Structures are given as structure tokens and as C-alpha cells.
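Read off the chains here:
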Amino acid sequence: MEIKGIFDSHAHYEDRRFDEDRDNLLRGMKESGVDYIVNVGSSIDTTKKTILLTEQYDFIYGSAGVHPEECKDMKDDDLLFLEEVCKHNKIVAVGEIGLDYYWDEPARDIQKKWFRKQLELAVKVNLPVIIHTRDAIEDTMNILKEYTPLMSQGIHGVIHCFSGSAQSAAEFVKMGYYIGIGGVVTFKNAKKLKEVAQEIPIENIVIETDCPYMAPEPYRGKRNDSSYLSYVVSKLAKIKGISEQEVTEITAENALRMYRMNK
Ligand code: NI
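Quick caveat: nothing in here was measured; it's all calculated off a predicted structure.

Trainee: Lay out the coordination of the nickel ion in plain terms, naming residues and giving numbers.
Mentor: Around the nickel ion, the protein supplies His10 (NE2), His12 (NE2), Glu96 (OE) and Asp210 (OD) as donor atoms, at distances of 2.2 to 2.3 Å. In this structure, the nickel ion is coordinated by 4 donor atoms arranged in irregular fashion, with angles at the metal of 85 to 172 degrees. Site description for the nickel ion: donor spacing in sequence, H-x1-H-x83-E-x113-D. Taken together, the residues span a long stretch of sequence, with Glu96 in strand β4 (residues 91-100) and Asp210 in the loop between β8 (205-207) and α8 (229-240) at a distance of 114 residues.

Trainee: Can you explain the state of the cysteines? Please cite residues and give values.
Mentor: Overall, the coordinates contain 0 disulfides when judged by the stated rule. The closest cysteine sulfur to the non-disulfide-bonded Cys86 is located on Cys71, 17 Å from its own sulfur. The structure places no disulfide on Cys211, whose sulfur is separated from the nearest cysteine sulfur, that of Cys161, by 12 Å.

Trainee: How would you sum up the packing of α8 against helix α9 (residues 244-258)? Please name residues and give values.
Mentor: The N-to-C vectors of α8 and α9 enclose an angle of 110 degrees; their axes lie 8 Å apart at closest approach. Taken as axis vectors, α8 and α9 run roughly perpendicular relative to one another. Each of Val233, Ser234, Leu236 and Ala237 in α8 lies in contact with α9, whose residues at this interface are Glu244, Val247 and Thr248. Here the residues of the contact of α8 with α9 are counted per class, giving 4 nonpolar, 2 polar and 1 charged.

Cut-offs used in this document
Residues numbered from 1 in each chain as written. Predicted model: local features only at pLDDT ≥ 70, side-chain atom pairs only at ≥ 80, totals over all residues. Heavy atoms only, no water. Donors = N, O, S within 2.8 Å, 3.2 Å for Na, K, Ca; no water. Tetrahedral: all angles 85-135°; square planar, octahedral: opposite > 155°, others 65-115°. Helix = DSSP H or I, 4+ residues; strand = E, 2+ residues; numbered from the N terminus. Disulfide = S-S within 2.5 Å. Axes fitted to C-alpha atoms, helices over the stretch in contact; angles between N-to-C directions. Parallel < 35°, antiparallel > 145°, perpendicular 65-115°, else oblique. Contact = heavy atoms within 4.5 Å. Nonpolar A, V, L, I, M, F, W, Y, C, P; charged D, E, K, R; others polar.

Just geometry here; none of it tells us what the structure is for.
This is the structure:
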């Protein structure tokens, strides 16, 4: 498969900040050089909205999962629902799931419980995972070490919006995960992430917006969208000393491989 454009491996276009101009914006994506988008579920509600987006736009794929910040009221029935959603032919991952210790709520035990249950789901339905981890690298890594051996061979998923050290990034790569890099890499004060981008081979990196959040410079603080990934591509090209087209193509091939869309 020949790839020319950008693959945004993580977006939230169901967000109400896109209500005003969603259709126009998405219809212009191909022209902005964006070929594929994976819209990521972060709750039962946003997973439902993700399915609708994948049905409406041929270049949008989706994932099903409940974010650690949204897992407080999760029930076993929700897992059954997610399992059904995973049978949908454009749902390519379980996520975003993980641990977030930035806030005190939900309690860590509750987060871990639903992280584990959704990893079990990923093993059962045989899909890669999209991992959210904030201030919780060690616990995330330990739990992933329990479940990764149960997953099928190959790439198991992505550590999205990576915020850890280059050393921990290398360890996740060794376990079979890609590192998700977005707008933060363009920030002046993002020393740690630039080190990660330097140390981790481009063959193990996927790019992402996490839009509407995390807009790159010069749009920092504004609403983000996939067309702004060109700034992330340009930054990575400088860091890696390769062309922007190489960054675009290699990271798109990585995402296609990770989401098993290249079959
Ligand atoms: Ni996200």
C-alpha cells in the first residue's frame, strides 16, 4: 500500500468543540494532507459517537474504551457493550485505557481494576491497545507486563501522548509498544519529550493530535485538529535529520501496522 499523507493516530472529533464546523473541517482533511484518522473513545458515550464518525467518513477509524478519569461508574455491562463494539469492522483498538494519577479521583484501585478488565478485553477480542498514562508510568508498565505476554505477536499498541523519560520509552518499545508523539514536542520547554524523540527510532513512533487538545506551536492553547500535525512532522524531521515526507510516510506505515489496517 502506497501512503502519501499523514496518519493521525489519536483524535477526539466527537468533542463539542467541533460541533460548529466538524463536517467542513473533516471534509477538508485530505486536502490538508491527512489520509487517516483514528477517533479514540474515552467513555461509553464517546465510543458510541466514534462509531457514528467511522460510519460517516471513509478515512476515519475508531477505538472503543473508557479512560481512567471516566471509569468511576463503570459496570460489567459496559464491558459487554465494548466487546460488541469491537466486532465492528472499523474499530481497530481498545482504548483509551490506562492510569492517571494526576488527580486523586477515581481512586487508584478503581482505575487499576478497570484498566485490567479492559486489557483482558483486548486480549479476548485480539485488538491492540491505546494506553493513557499520566504520573503513573511504573504501575502502567507493571500491569502491561502482566497482560502483554497474553497478546498476539507483533505490536501491542501505543503509549499515547508519551510524557515519560527516554529510558522508560525504550522499555515500552522493547515490550512491543509504539510511542505516541504530538503537539508537545513543538513546545520550547519540552526537553524530556525531545530526548524521547531523539532516542527512539522513527520506526517506533506514531504521531497524534489528541485534538481538540495539545495544539502545537504556533497554535499552542488553541483548538487542535489533524491538519496541524504538519508542525509535529516538521519538528520530528529536524530532530531526526530526515525529510518531512519520510516522517509522514514512516509514521503512517507504523500506525497502519499497529492498527492492523495494512491487510
Ligand atoms: Ni486522548
